[in-house]
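What follows is the residue order along each chain.
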Amino acid sequence: MITRIKLLVLVGLVGSIFSSCTKDSDVEYPTLKNVYFAENFDGGLTSPALPTGWTAYAQTGTTLWSSGAYAGDGYAQLNGYSTLSSAPSQLNSWLISPEINMDAVQGEQLSFQTCHSKYVNTTTNVIELYISTNYTGTNFSTANWTKTNYITTLPDPLTKPYVYVNSGAIDLSRYTGTLHFAFKYIGVPAISGTYQVDNVRIVY
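Owing to the predicted nature of the structure, the values given are computational and were not obtained by experimental measurement.

Conventions used here
- Residues numbered from 1 in each chain as written.
- Predicted model: local features only at pLDDT ≥ 70, side-chain atom pairs only at ≥ 80, totals over all residues.
- Heavy atoms only, no water.
- Buried < 20%, exposed > 50% of the residue type's maximum accessible area, 1.4 Å probe, protein only.
- Helix = DSSP H or I, 4+ residues; strand = E, 2+ residues; numbered from the N terminus.
- Pairing = 2+ DSSP bridges.
- Core = buried A, V, L, I, M, F, W, Y, C linked by side-chain atoms within 4.5 Å.
- Contact = heavy atoms within 4.5 Å.

Trainee: Got a minute to help me understand the pairing of strand 7 (residues 109-116) in this structure?
Mentor: Looking along a regular strand, one sees side chains alternate from face to face of the sheet. Counted residue by residue, strand 7 has 7 buried out of 8 residues, so it is predominantly covered. For strand 7 and strand 11 (residues 170-171), the ladder comprises 2 bridges, and the chain directions are antiparallel. Note on strand 11: the bridge partner recorded for Leu-110 is Ile-170. Relative to strand 10 (residues 165-166), strand 7 is paired through 2 bridges, and the arrangement is antiparallel. The residue bridging Gln-113 from the neighbouring strand is Asn-166, located in strand 10.

Written as structure tokens, this is what we have:
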């Protein structure tokens, strides 16, 4: 795998930091399945706006997910390090997917890649995956969000920095109707580092 450095320069009272991840890859993803939903966040090559249908929501604090890019590759990212120390004691920022119709196909499996910078060095700075079947796009606080308990391959402060981690296949086939999945960033202002998400797929 060809590696490359993604350089993210953040200037503030706390100074500058550098964040990078290895080249993302589709090699590890199933190649003999049909793709039902796919997002590479390549819009980040020209704009920090998230792709249509994706929502950034700050549950606490004001730091939001956005699109980013380096050397021709886009991704979604959130960096808690640049948040002012006057922010709440904990950041809880969500990246919410578009609505997914779970009745159109069968045997759905979700997969994605995530990575973090070396500045993710505290156990209070993590990323989690949630699913909601009653989120409408406007009712975040009253929707039911369930943390997935079958994820074993999300990066955390103990995993190697700058290296994309493959989620593996996450079975969504038991769901009917519609759902949204969401990545939740948890961190401490002015201490936490960057998480990046890329190559989101639902196959069947």
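Trainee: Any chance you could explain the nonpolar core here in plain terms?
Mentor: Soluble, globular proteins show a tendency: their nonpolar side chains are buried together. In terms of nonpolar packing, the biggest core is built from 31 residues, with Trp-65, Leu-110, Phe-181, Phe-183 and Val-200 touching the most fellow members. For this core, the secondary structure elements donating two or more residues are strand 4 (73-79), strand 5 (91-96), strand 7, strand 8 (126-132), strand 12 (178-187) and strand 13 (194-203). It is strand 12 that contributes the most residues to this core, 5 residues altogether. Leave out the neighbours within four places in its chain, and Val-200 touches Phe-37, Ala-38, Glu-39, Phe-41, Trp-54, Leu-110, Ser-111, Phe-112 and Phe-181.

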